[in-house]
Every structure is written in structure tokens, then in C-alpha cells.
Amino acid sequence: MSIKSFSAKLFAKYIISKTQKWSSEPEETQQKVFEYLIKSASQTRFGKDHDFINISTYQDFAKRVPIRDYEELKSYVDEVVAGKEDILWPGKPQYFAKTSGTTSGAKYIPITAESMPMHTSAARDAILHYIAETGNRSFVDKKMIFLQGSPELQEQNGIQTGRLSGIVAHYVPGYLQKNRMPSWETNCIEDWETKVDAIVAETTKEDMSVISGIPSWVQMYFERLTAKTGKKVGELFPNFNLFIYGGVNYEPYRKKFENLIGRKVDSIELYPASEGFFAFQDSQNEKGMLLLLNSGIFYEFIKADTFFDENPDRLTIGQVEVGVNYVMIISTTAGLWAYNVGDTIMFTSTKPYRVVVSGRIKHFISAFGEHVIGKEVEEALASTATSFNAQVSEFTVAPQINPTEGLPYHEWFIEFDKEPDDINAFAKAIDAALQKQNSYYKDLITGKVLETLKINVVSKGGFNQYMKSKGKLGGQNKLPRLANDRKIADALNEFGF
């Protein structure tokens, strides 16, 4: 046993004890976070505008601070970007995580000296929980790869700016630097396809044990590895036994990954975002990710089906229920206040609080009142693919409101690694699975308002071509799984899919 491996075991035990303490006192933990946030920001521009000095309870906060998304908070963020101090949080941010926006163009998410450590410690703690539960720690002495954006940063009025994954790359602890792949030079390559080829060249002869990244882009890496070497990933890297991922649901990729690897490997799911690191998978045997209640983030929750009401109920951690679809609202040590991240989550447990990401509040289909969400389409597709022995590479769904003939329907664009023998039967099976999950959708089908869904088969590599055309190939970019409009669907049709 190496010193590093032995140290990991001891540190894991310490972190587990800390986790058990705060997770066993969820409401008390959140109350402490809430009080710290309000006190710390009382003299900021935002705090003064919202009378923080007179906030003593959560009810006071909810009355004074409305829920906002980035567009609604943008006037404050613009002042921070301009270099002004004490706007959303005391002083200036340490970084801006720059992300692509929709209506506002680029989005600048502040990361402060208080919030930055949470991004790194959460990922570390996820691995330590895995070590404590499984006893597997041999990987700490071998090579690890993190597929991420470029770590090169630019300066914005004295504040370092870049992609979140690139910022985090500067915080890899010293004891992992010798194990870390790819090289700094390769990591700085902007063009994703060039970068993946360089990573393949660097890693084919290394003893890789941990691979991490968004599943769709790790899949590209795996495919190029096998194309170059003619070997399964698991044969090429016999000690590869842990895959760490976040950003999208892994289940649609799992079967393809196991084929590419040649065997099953353990996995850890993370829930990071530019706005904060919210949760990680703390157990291989329990469903969901542990919601991080002690990481400088105060959470509120609104039932998704009431979110667009005039005054929806805002709930705190002690009021949530298992199995309900909630929009997650956050206030943080980065100066985001009652901020709508855009994600919807469901609790799988309240002792402790574990969640799964069910979708995006803006990524849904309800063109006809069906309220179909990401979790429903993913589960319907995954179960159907298994029963038909099909393999799906990527997909997206949109409503077809004005078909040239017949009733409206949901149009699915699917790229297969292994296409089902009967695509029409496959479509009907997905539709049936979706009806079982969503009574609104079922009523529209049985009431002859909608036809059953239709599938367009996307040619191999088609989605990557689409993402490349939008300048969003690789890195942290993700294809939306469903939308209530046809922007993506029409663009895919222009590609001839």
C-alpha cells in the first residue's frame, strides 16, 4: 500500500464523519448557511436594495427577494463585470465562469473566494465517499484523465474569466499533478476534435485508472481510442475501473460505454454547474446524489407544475417530498440571490436528502398541455432500447404542431449506434412507455389530439456536425434533449436528417 493510498483511506474516513454530521441536521445546516449569506451581503448594493439588514427569517427574505434568472439579475451582474465592488457579494469575484447564453449572449457567472473552494472540495469528497464505501483506492497511484475545457483564462476588468472546467483545472491538488492527464499543452487546444486526437495520442500507452467528463464527449474519446488501437478501452487500460461524469444522464450511454470498454466499471455522478456544485453520488447502492446543504448554498424549491403561476409557493428543505418535480432556486456565496438555475430535480430520499436531475424548466414539451419533461423521455427511450436490443448515441425531441397531414405529434431525432430492426414498432413502444409515465400525454393520444410519436433517424455523427455548426462541439456543451419549440428540429432538418 502506497503512502498516497493509505492517506486517502484516512482522509475518506474523516470526510465521511463530517458529511454524516451536517446531513443528519439538514434544516439546522441550511439555517446556518442562510444566516451567513444574509449577514455577509447586508452592505452590498444588492443587500441594501433588498433591505437585508432587516431580514431575520426566511419569510422576510422571500417577501423581499423575488426569484430571478440570469436575464433578471443581469443589471447587477453587468456592474460586477464592469469592475465595481460590493455589488452582489463583498468585494470583487475571483473569477467569472463564462457560459453561452440564449437571449443575452455570453453569461458571466461570478465565482468568489468563498465559493471557489466548494467547486473543488465537492469533487474530491465524491471520490472519498467512493473509497470509503468500496475500499477501492488503488486508482490514486495511477493515471487519471479529466476531459474539460481549456484552462487558459482571459482578464475582464481585473477578474480572470474562462470556462468553469478550465478554472477548476488550476486547482488540481499537487498530489494529483503527476497522475493527471492530458498535458497542459493539450488541454489548452481549443478545437475539440484536434484536442481529442491529441489526448488519444498521449494516453494510449498510459496506465489509466480514472476517466472523467460529460458522457457524450468521453464517448468520442473512447471511439477514437478503439479506432486507433483496434482494442477495447478496458483491454487498453486494464486498470481503468472508475468513470466520473456529470452534465447529462448516463443511462442512455451506459450500454454503449460497456461495449466500448468491454466490461462494466464503477461510476460516480456529479452535479456541478457554474453557479455552484450542488450534489454528488455518495453511494454505489443508493439512487440519487447527496444534496450539499453545507456548501455555501441556500436552496429553495418550487413545484415545477406551479412554477409559471403568478405567486408559486417557495419551499425550503424541510418541506420537500420524494418523487415531486421541483425547480431548484439558489442563493450563494458567489452573490446569486433566489436564482433560478433552470434545472428541475426530484428527491429520491429525505434521510439524507438525495436528488436526481429530472430536466430543465425551459426544456420541456407542453405545446398541447402534455407537460413532458426530460426524465420521462430519457426513461421511456432507455427502457425501449433495452427491450429492442438497440443502442442510442444521442437524441432530441420537439413538437410538430403543423404537420402537412394528419394530427400533430412529437418528433424524435435519434442517432443510433445499433438501430432497431423495426423502427415503427420501436416508436410505438417508446410512445407507450411515455404514456405510462405521463397521464396528460396519454389523454392527448387517446383523445385523438396527438398522433403517436414519429422518429427521424439521424445519420452517424450527425449531432456532432450540428453542434460543430453552432460552435458548441465538446467541452461542457450539451445537446438539449427536448424543447417546446422547433429551433433545433428545424436546424436538423436543414442538415437533411
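Read on for an overview of the structure. This one's a predicted model, so the numbers in the text were calculated from it and none came from an experiment.

1. With respect to helix α14 (residues 374-387)
Then comes step 1: The end-to-end C-alpha separation of α14 is 20 Å, in line with the 20 Å expected for 14 residues at 1.5 Å each.
Then comes step 2: All of the buried residues in α14 are G374, K375, E376, V377, E378, A380, L381, T384 and A385.
Then comes step 3: Summarising the contacts, the buried residues of α14 are in contact with β14 (339-350), β15 (353-360), β17 (372-373), β18 (391-400), β19 (409-418) and α15 (423-437).
Then comes step 4: Note on α14: the residue one or two positions beyond its end, N389, has a positive phi of about 55 degrees.

2. Notes on the pairing of strand β12 (residues 297-303)
Then comes step 1: Where burial is concerned, most of β12 is hidden: six out of the seven residues are buried.
Then comes step 2: Note: β12 against strand β13 (residues 326-332), seven bridges, orientation antiparallel. Among the inter-strand pairings, I302 is bridged to a residue of β13, identified as V327.

3. Quick word on unusual backbone geometry
Then comes step 1: Residue M181 is joined to P182 through a cis peptide bond whose omega torsion reads -5 degrees.
Then comes step 2: Tracing the chain through its elements places P182 in the loop between β6 (180-181) and α9 (184-187).
Then comes step 3: K351 connects to P352 through a cis peptide bond whose omega is 0 degrees.
Then comes step 4: Relative to the helices and strands, P352 is located in the loop between β14 and β15.
Then comes step 5: With a phi close to 55 degrees, D86 is a non-glycine residue in the positive phi region.

4. Describing the sheet that holds strand β20 (residues 454-458)
Then comes step 1: Taken together, three strands build an open sheet; the order of strands is β18-β19-β20 and the sheet is mixed. A single partner strand is all that each edge strand has here, and the edge strands are β18 and β20. Across this sheet, the average inter-strand angle for adjacent strands is 25 degrees, counted without regard to direction.
Then comes step 2: Alignment of β18 against β19, held across nine bridges, turns out to be antiparallel. Bridge pairing in β19 links E394 to E415.

5. With respect to the packing of aromatic side chains
Then comes step 1: Enumeration over the complete set of coordinates arrives at 36 aromatic pairs.
Then comes step 2: Plain terms: the ring middles of Y245 and Y250 are 4.9 Å apart, the flat faces sit at 40 degrees to each other, and that makes the pair tilted. Summarising the burial analysis for this pair, Y245 and Y250 share the class buried.
Then comes step 3: For the ring pair F388 and F426, a centre distance of 5.4 Å and an interplane angle of 90 degrees mean the geometry is edge-to-face. Note that F388 is positioned in the loop between α14 and β18 and F426 in helix α15, a separation of 38 residues in sequence.
Then comes step 4: Using a relative accessible area of 0% as the deciding quantity, one classes F426 as buried.
Then comes step 5: Three or more aromatic residues link up through ring pairs in this structure, and these residues are F34, Y36, F46, F52, Y58, F61, Y76, W89, F298 and W337.
Then comes step 6: In this structure, K454 packs its charged tip against the face of Y409, placed 4.5 Å from the ring centre.

6. Notes on the sheet that holds strand β9 (residues 266-273)
Then comes step 1: In space, the eleven strands of this open sheet follow the order β6-β3-β7-β8-β9-β10-β11-β15-β14-β13-β12, with mixed pairing throughout. Of all the strands in the sheet, just β6 and β12 have a single pairing partner and so form its edges.
Then comes step 2: Where strand β11 (residues 289-291) lies against β15, two bridges are found, and the strand directions are antiparallel. By the bridge assignment for β15, M289 is matched with V355.

7. Re the packing of helix α10 (residues 192-203) against helix α11 (residues 215-229)
Then comes step 1: In contact at an axis separation of 10 Å, α10 and α11 are set at 55 degrees when each is read in the N-to-C sense. By the angle class used here, α10 and α11 are oblique. By crossing handedness, the relation of α10 to α11 is classed as right-handed. Packed against α10, whose contacting residues are W192, E193, V196, D197, I199, V200, A201 and T203, the element α11 presents W217, M220, Y221, R224, L225 and K228 at the interface.
Then comes step 2: Residues belonging to the contact of α10 with α11 are distributed by class as follows: nine nonpolar, one polar and four charged.

Rules used in this analysis
Sequence order sets the numbering: in each chain, residues are counted from 1 along the sequence as written. Given that the model is predicted, a residue must reach a pLDDT of at least 70 before its local features are reported, and side-chain atom pairs must reach 80 or more before they are shown or counted; all residues, however, enter totals for whole chains, interfaces and linings. The side-chain values count all of the structure's non-hydrogen atoms but skip hydrogen atoms and water molecules. Numbered from the N terminus, helices here are DSSP runs of H or I no shorter than four residues, and strands are runs of E no shorter than two. Here the expected span of a helix is defined as 1.5 Å times the quantity of residues minus one. Three exposure classes are used, based on accessible area relative to the maximum for each residue type with a 1.4 Å probe and protein chains only: buried under 20%, partly exposed in between, and exposed over 50%. Residue contacts follow a heavy-atom distance rule, with two residues in contact if any of their heavy atoms lie within 4.5 Å. Between any two strands, pairing holds if DSSP finds at least two bridges. Here, axes are lines fitted to C-alpha atoms. For helices the fit covers the stretch in contact, and angles between N-to-C directions go from 0 to 180 degrees. Think of it this way: a Phe, Tyr or Trp ring, Trp meaning its six-membered ring, pairs with another when their centres are within 6.5 Å, and the plane angle makes it stacked under 30 degrees, edge-to-face over 60, tilted otherwise. We count a charge as sitting over a ring when the NZ of a lysine or the CZ of an arginine lies within 6 Å of the ring centre and within 35 degrees of the ring normal. With respect to orientation, any angle under 35 degrees is reported as roughly parallel, any angle over 145 as roughly antiparallel, any angle of 65 to 115 as roughly perpendicular, and every other angle as oblique. By definition, turning the near helix anticlockwise from the far helix through less than a right angle yields a left-handed crossing, and turning it clockwise yields a right-handed one. When residues are grouped by polarity, Ala, Val, Leu, Ile, Met, Phe, Trp, Tyr, Cys and Pro land in nonpolar, Asp, Glu, Lys and Arg in charged, and all others, Gly among them, in polar.

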